[in-house]
Amino acid sequence: ARQMKAERLKRAEVLTAEGDKQSAILRAEGEKQSAILEAEGRREAAFRDAEAREREGEAEAKATAYVSEAIAAGDVNAINYFLGQQYVAAFEKLATAGGK
């Protein structure tokens, strides 16, 4: 009777250990997958940010070219527009500088 009880206890311990092992493996796999997905998300966000900066730069270059052509042609409105843009940009810097 003692031997049977000891064998049952040993089997229960083995099954508990196996369950703990499987649980740890599944938890580790989940953490690994989470880390992979997080890294992919960061990479995608960085790529999209870079694309946005590139498009913004292209748009700025086009706008500058148009204004430059208009200024070269003597268009007073273009000059006023360009100066207005610079004025607004300077005030944005002042506003965001705060108490610095």
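Let me begin by describing the structure that accompanies this report.

Reading the values: the criteria
Residues numbered from 1 in each chain as written. Predicted model: local features only at pLDDT ≥ 70, side-chain atom pairs only at ≥ 80, totals over all residues. Heavy atoms only, no water. Salt bridge = Lys/Arg side-chain N within 4 Å of Asp/Glu carboxyl O. Helix = DSSP H or I, 4+ residues; strand = E, 2+ residues; numbered from the N terminus. Buried < 20%, exposed > 50% of the residue type's maximum accessible area, 1.4 Å probe, protein only. Phe/Tyr/Trp six-rings, centres within 6.5 Å; stacked < 30°, edge-to-face > 60°. Expected span 1.5 Å × (residues − 1). Polar contact = N/O pair within 3.5 Å; in protein donor to acceptor, adjacent residues only side chain to side chain.

1. Some points on the pattern of salt bridges
Part 1: Enumeration according to the criterion identifies two salt bridges in this entry.
Part 2: Taking the shortest distance from any N to any O, the salt bridge between arginine 42 and glutamate 38 comes out at 2.9 Å. With arginine 42 and glutamate 38 both in helix H1 (residues 2-72) and four residues apart, the pair spans about one turn of that helix.
Part 3: By relative accessible area, which is 48% here, glutamate 38 ends up partly exposed.
Part 4: With a closest N to O distance of 2.8 Å, arginine 48 and glutamate 44 form a salt bridge. Within this pair, arginine 48 and its partner glutamate 44 are both found in helix H1, separated by four residues, close to a single helical turn.

2. Quick word on the environment of alanine 46
Part 1: With respect to the secondary-structure elements, alanine 46 resides in helix H1.
Part 2: For alanine 46 and glycine 98, which are 52 residues apart along the polypeptide, the C-alpha to C-alpha distance reads 28 Å.

3. Quick look at the packing of aromatic side chains
Part 1: Applying the stated criterion to the full structure yields one aromatic pair.
Part 2: Geometrically, the ring pair formed by tyrosine 87 and phenylalanine 91 is edge-to-face, given 4.8 Å between the ring centres and 70° between the ring planes. A residue pair is termed a helical-turn pair when its members lie 3 or 4 positions apart in one helix, as tyrosine 87 and phenylalanine 91 do in helix H2 (residues 76-97) at four residues.
Part 3: Given the relative accessible area of 53%, tyrosine 87 is considered exposed.
Part 4: Judged by its relative accessible area of 43%, phenylalanine 91 is partly exposed.

4. Observations regarding H2
Part 1: Compared with the 32 Å implied by 1.5 Å per residue over 22 residues, the 32 Å span of H2 between its first and last C-alpha is a close match.
Part 2: Capping of H2 at its N-terminal end is provided by aspartate 75; its side-chain oxygen lies 3.0 Å from the backbone amide nitrogen of asparagine 77.
Part 3: Following H2 by one or two positions, glycine 98 adopts a phi angle in the positive range, close to 65°.

Geometric descriptors of this kind do not, in isolation, establish any biological role.
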